[in-house]
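Inside the fold
Listed below, chain by chain, are the residues.
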Amino acid sequence: MRSFSEDQPAYGAVAANKITSSNARASVRFDFPEMFGGAETVPYFSLVADHGRSSSTATGKSDFTSGRFGLGLSDTSGPGTLTLDMDYGKVRSDVHDFGIRMRYLISF
């Protein structure tokens, strides 16, 4: 869960603005290591339930509950793990998003 509140003062011709936002997320990820015979490359998919609520004196209110779906591959090679994935969901009641991410994680 993530939440914040911000009071922005007036600046020139721009009016003061108060913003509040809270988001909660619950997720589950399913890995399938047996698909490649126990190899270091593991496909997975994720399911996420997102809920968000925000209000702003400048832009109004937004309230949504939505699913987010993801697909990816994780490969352990060398000293780290390479992850490639993409997901689709909502970030506001009126905004859908599609993301692609690549990450290389080295643990030491």
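A brief report on the enclosed structure follows.

1. Side note on the pattern of salt bridges
Counting across every chain of the model gives nine salt bridges. With a closest N to O distance of 2.7 Å, Arg-25 and Asp-50 form a salt bridge. Here Arg-25 is found in strand E2 (residues 17–31), whereas its partner Asp-50 is found in strand E3 (residues 41–56), with 25 residues between them in sequence. Take Arg-25: its relative accessible area is 53%, and that puts it in the exposed class. Accessibility expressed as a relative area gives 6% for Asp-50, which makes it buried.

2. Re the pairing of E2
With seven bridges joining them, strand E1 (residues 2–8) and E2 adopt antiparallel strand pairing. Bridging from a neighbouring strand, Glu-6 pairs with Ile-19 of E2.

Each value, and the rule that gives it
Each chain has its residues counted from 1, following the order in which its sequence is written. With pLDDT at 70 or above as the cut-off, local features in this predicted model cover only qualifying residues; side-chain atom pairs require 80 or more to be listed or tallied, and sums for whole chains, interfaces and linings still use all residues. Each side-chain value is derived from all of the structure's non-hydrogen atoms; neither hydrogens nor water enter the calculation. Salt bridges are identified by distance alone: a Lys or Arg side-chain nitrogen within 4 Å of an Asp or Glu carboxyl oxygen. Only DSSP runs of H or I covering at least 4 residues are called helices, and only runs of E covering at least 2 are called strands; the numbering of each starts at the N terminus. For the exposure calls, accessible area comes from a 1.4 Å probe over protein chains only, and a residue counts as buried if that area is under 20% of its type's maximum, exposed if over 50%, partly exposed in between. Pairing between two strands is assigned when DSSP locates at least 2 bridges connecting them.

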